[in-house]
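# A look at the structure
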Amino acid sequence: MTMAGRRPAHITAHIEVSGTVQGVGFRPFVYRLAGSLGLDGTVRNDGGQVLIDVAGSPSAVEDFLRRLSAEAPPASRVREVRVDPAPAVVAAAGTAVPGGLPSGFHVLPSTGGLTGPSGPSRDIPPDLAVCGPCVTELFEPADRRFRYPFLNCTDCGPRATVIADLPYDRSRTAMVGFPLCPPCAIEYADPGDRRFHAEPVACPTCGPRLSWQQADGATGPVGEAALQVAEAAIAAGAVVAVKGLGGYQLVCDAAAEDTVRRLRGRKHRPSKPFAVMVPDLATATRLAHVEGSEGALLTSVARPIVLLGRRPGRDELAPSVHPGLREVGLFLPTTPLHHLLLADLGRPLVVTSGNLAEEPIRVEDADALRRLAGVAEGFLHHDRPILARYDDSVARVVAGRTMLLRRARGYAPAALTLPIGAPEPVLAVGAELKHTFTLATGSRAVVGPHVGDLEDADSLDAFRGNLDHLARVEGVAPAVVAHDLHPGYLSTQHARGLPGVRLIGVQHHHAHVASCAAEHAVATRFIGVAYDGLGLGEDGTLWGGEVLLADLRGYQRYGRFSRAPLPGGAAAVRHPARTALGYLLGAEDLGGAPPPPAAVTELTEAIGEPAASTVRVMLASGINSPLASSAGRCFDAAASLLGLAAGPISYEGEAAVRLEHAADGEGSAALPWRLLRRDGLLVYDAAGTLSALAALRQAGAQPGHLAAGFHQAVIEVTVALVTEAAAETGLDVVCLSGGVWQNRRLTAAVLAALAGQGLTALVNEQVPVNDGGISYGQAAIAAARLARE
C-alpha cells in the first residue's frame, strides 16, 4: 500500500506464529532478528503460540516476515504465520515510533491466551540432546559449569519432561523450585547470551544436583562425589540405576559379560537385546556398519537408539548384549550426565530402561528404589522432578528411509498432520502391545510417548498419567474416543469407561494401514498390506496377514494368509512350537500336501509331554485354539520348524527376529507358494509353504538357506497379492504397516519390487510400523469419519 503514490516510511505488523515455537529458542531468535533489521516492537509467548508486534520500514518488515520461518531455530517447527492485519501505513519518515509500540525491541512476559478448539494449538517441544557448545563448557575447567550434569541452553536440554503447562516459562516447569542465582539471572535476561530465556538454565549454585543411594536405602554423597561413587561402582561391575530425562535407566559396563548376564536375570529379560551408549560416531563406526543416513540419525538432536549391522569379529561388547543377532542398537549421549559417564569410564555402556521386563519405566525416586533395588546395586538420583515419562526412541534405516520403531524421547510429543482434520477433539487409545495414545484437534495429531505393553494395572496407570498430563498441557478435552475392536484390551476398556464421549471402534489392521497412509498425506483410496501378530477381525477370527482396499474411512478385505489354530490362544505367542503344530496339524484345508511326520515328531519332542498331548487335544476339539490368519505367527512357526525357537520365547517377535538373522545372503530361491480364491478373497497357502520348509529341513537343507527361501516366498507372495489388487482396481499407492515390516530384509525387498512394478510403495516412518502406530491410525480414521458426517 502507498500514501499519495509514495512508499511509506513505516508500517506495523501484528504476527501470530503457531507450531513448535515455545521451548526452542524462538523468542530469542525473534529478538535478534528484529534487532538486526532495526525494527521496534515486542515478542511474547501467548498460550501455545508466539505473538509479535513490529514496526519499521516496509523492506525491513518484509524481510523479517520472510526470514521468520526460513531461519527459525533448528528445533522449532513453524506451522503457520498469520499477519493480522496486513501491514498498514501508520506514519511518514521522521515521526515517532508508530502504533504505540515502544522504541527498540523487547521480550514481554507471557500471557495465557486461548487454546484448544477455540484458540491456537499448543505444541510441546521434545527433549533435545545436549548441544556442542554446552559439551565444550562441560569439559572446560575454567567454566563455572565445568562438569555440571544439568547445563543446557536455548538449543538443548529438557523440554517435554519438565513442562507442567504452557506458556513455556520457568514458573510452569519442573525448575520452579530452583530460583536463579545472580549470574544465571544475568544470562537469562541478556539478549546476546545463548541462555536468554532458556527456562531450564541452572548452574551448580542454583540448580539440581546428584545424590547417591545404595540399594538398601542408605544415603551417600551428593554432587560430584555422588557421580564418582556411581562411576566406581560401574567400573567394578555393578549395575547402577541412573535418573535420566524421562525416567530411570539401568547402566553397566557393556563389555562385562558377568554383569550383563546378571542384569538380564534380575530384569527378567533373558534375550531381548540391550542398547549400548557410545561416546561418539567414531566409536559407533568401529562397532557397527554405519552408513551416511544412519550416522546422521545417530548424531541428530533426537539421539534415538539406531539398530545397526554389527561388525563381525569385534569383541568389545559382551556377547549377552545382543545374543545371537547380527544387529546392535547404539546411541550417543543425550545429556551432560551421559557425557560425563562415558568420558570418565572410557568404555561403551549398556543403558536400558529402568524397569523390570514388561513394566513402565520408573520416574519417581521412591518408586524406583522400591522396584529396582533387586536389580541395581546403587542409585544415582537427582532432585529435578520428571513430569512426564519418556523412554528412549528406537529407529532403523531401511532402503534409505528412517523408520521409527519406538516414538518417544526426542520425537514425542511433536505434532503430526492428519490429511483430513478432526472437526471435534479426538482421543485414540491405541491397542495393547507397544502402547501409545494420540490426541487430535483439527489437522494436528499428537502421539503420546511409548508406554510399553498395556497388560496390567501398573502400565494402565502409566498410560493414564501420561494421557492426563499431555491432555492438560495440550489443552485438549476429547469429545470422541477411538478404540480397537478387541474387548479384552485395557485400552478398549478404558475408552468404554469414559463418561460423556462418543466411541468409534476401529479395526486393528485398518488402523495399521491408515497410520501409514495418513503420515504420507494419502487421503484417497489405496492398497494396504497389514502384516503383524494378531488383531481382532470383524468376522470374529484373529487377523494378521491382510491385504485391504482402503481409505481413511473404511476398507474392504481383498486377501489374507491362510488360517491356522493357535493352541492355547495367547500362550501360543510365547511358544512358537505350538503355533507350528497348529499349522501342520490344524490349518484350513486348501488341498496341499500333508506335513512330514518327522517334523511333527520333532515339534512334539520340543514342547514335551504332557504339553504336546494337551495341544493335540485342543487342536482336535477346537478348544482354546482360535483361528488366525497371521503373518507374524507364520514367521514364528517357520523359526520353530528350523530349530531357531524350539522353546518358549521371552518377547513378542523374538522368533521372527531370529529367523531374519539366520537367513543367508541375497539371491536365495523362494520356497514353494501358491495363491487360491476362497470366499471371494485371494488366500496365501501359508501352511503349504511351512510344510515344504519342514520337508526340506528333514531332507538335510541348511536352516540359513531355508530361512532365506521362506523370506523370498513371502516377498513374492506379497508382490503377487498387491499386483493382483492393483490390476483389478487401478490403485497404485501401497501402504505397508504392521510389526512384521520391522524385518529389514522383507521390507527392503518388497519396497523395491513394488517400485519395479510402477507402484508407489510407502511404509511407516514417523510413527512406528508396529502397534505403537495404531493410535495415530485410529485418530486418522476417526477424523475422516467425523468429517464425512
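Residues numbered from 1 in each chain as written. Predicted model: local features only at pLDDT ≥ 70, side-chain atom pairs only at ≥ 80, totals over all residues. Heavy atoms only, no water.

### Notes on the packing of helix α1 (residues 26-36) against helix α2 (residues 58-70)
- One way to put it is that α1 packs onto α2 with a least axis distance of 11 Å and a crossing angle of 150°. Put simply, α1 runs roughly antiparallel to α2. Viewed along their axes, α1 and α2 form a crossing whose handedness is right-handed. On the side of α1, the interface is formed by Phe26, Phe29, Val30, Leu33 and Ala34, while α2 contributes Phe64, Arg67 and Leu68.
- Of the residues in the contact of α1 with α2, the class split is seven nonpolar, no polar and one charged. (Axes fitted to C-alpha atoms, helices over the stretch in contact; angles between N-to-C directions. Helix = DSSP H or I, 4+ residues; strand = E, 2+ residues; numbered from the N terminus. Parallel < 35°, antiparallel > 145°, perpendicular 65-115°, else oblique. Left-handed = near helix turned anticlockwise from the far one by under 90°. Contact = heavy atoms within 4.5 Å. Nonpolar A, V, L, I, M, F, W, Y, C, P; charged D, E, K, R; others polar.)

### Points about the environment of Gly772
- Looking at the secondary structure, you find Gly772 in the loop between β31 (760-763) and α23 (774-788).
- Separated by 322 residues in sequence, Gly772 and His450 place their C-alpha atoms 6.9 Å apart.
- Setting aside its immediate chain neighbours within four residues, Gly772 contacts Leu433, Lys434 and Thr436.

### Quick look at the side chain of His435
- As for its placement among the helices and strands, His435 is situated in the loop between β19 (415-428) and β20 (438-447).
- If we skip the residues at most four places from it in the chain, His435 touches Val429, Gly430, Pro449, His450, Val451, Gly452, Leu454, Phe463 and Ser491.

### As for the state of the cysteines
- Enumeration according to the criterion identifies zero disulfides in this entry.
- Cys735 provides the cysteine sulfur closest to Cys516, a residue in no disulfide bond, and the two sulfurs are 4.1 Å apart. (Disulfide = S-S within 2.5 Å.)

### What about the environment of Glu80?
- Here Glu80 shows up in strand β4 (residues 77-83).
- Take Glu80: its relative accessible area is 41%, and that puts it in the partly exposed class.
- Sequence-wise, Glu80 and Gly19 are 61 residues apart; in three dimensions their C-alpha atoms are separated by 6.7 Å.
- Leave out the neighbours within four places in its chain, and Glu80 touches Glu16, Val17 and Ser18. (Buried < 20%, exposed > 50% of the residue type's maximum accessible area, 1.4 Å probe, protein only.)

### A few points about the nonpolar core
- Formed by 111 residues in total, the largest nonpolar core has its most connected members in Leu380, Ile527, Tyr531, Leu641, Phe710, Leu736 and Leu754.
- Tallying contributions element by element places helix α21 (residues 703-729) first for this core, with 13 residues.
- Excluding anything up to four places from it in sequence, Leu641 contacts Ala580, Leu584, Ala599, Leu603, Leu690, Leu693, Ala694 and Arg697.
- By size, the runner-up hydrophobic cluster in this structure holds 40 residues, among which are Leu416, Ala428, Val513 and Ala550. (Core = buried A, V, L, I, M, F, W, Y, C linked by side-chain atoms within 4.5 Å.)

### Focus: the sheet that holds β19
- The strand order across the open sheet built from four strands is β20-β19-β21-β22, with neighbouring strands paired in mixed fashion. The open sheet has two edge strands, β20 and β22 (502-506), and neither has a second partner. On average, each strand axis in the sheet is tilted by 60° relative to the strand beside it, whichever way the strands run.
- Pairing between β19 and strand β21 (residues 480-484): three bridges, direction parallel. Residue pairing in the sheet places Leu427 in a bridge with Val481 of β21.
- Relative to β20, helix α11 (residues 457-474) is tilted by about 150°, and along the sheet it contacts β19 and β20.
- Running at roughly 70° to β19, α23 makes contact with β19, β20, β21 and β22 of the sheet. (Pairing = 2+ DSSP bridges.)

### A closer look at helix α20 (residues 686-698)
- Between its first and last C-alpha atoms α20 spans 19 Å; for 13 residues at 1.5 Å apiece the expected length is 18 Å, and the two agree.
- Looking at α20, one finds that the buried residues are Ala686, Ala687, Thr689, Leu690, Ser691, Ala692, Leu693 and Ala694.
- Residues of α20 that are buried in the fold lie against β25 (555-561), α15 (576-586), α16 (597-607), α18 (631-641), β29 (681-684) and α21.
- Where α20 ends, the next residue or the one after it, Gly700, has phi of about 105°, a positive value. (Expected span 1.5 Å × (residues − 1).)

### So, the pairing of β20
- Counting buried residues along β20, eight of its 10 residues qualify, which places the element largely inside the surrounding structure.
- Bridge count for β19 against β20 is seven bridges, and the pairing is antiparallel. In the sheet register, Ala428 faces β20, and the bridge partner there is Thr438.

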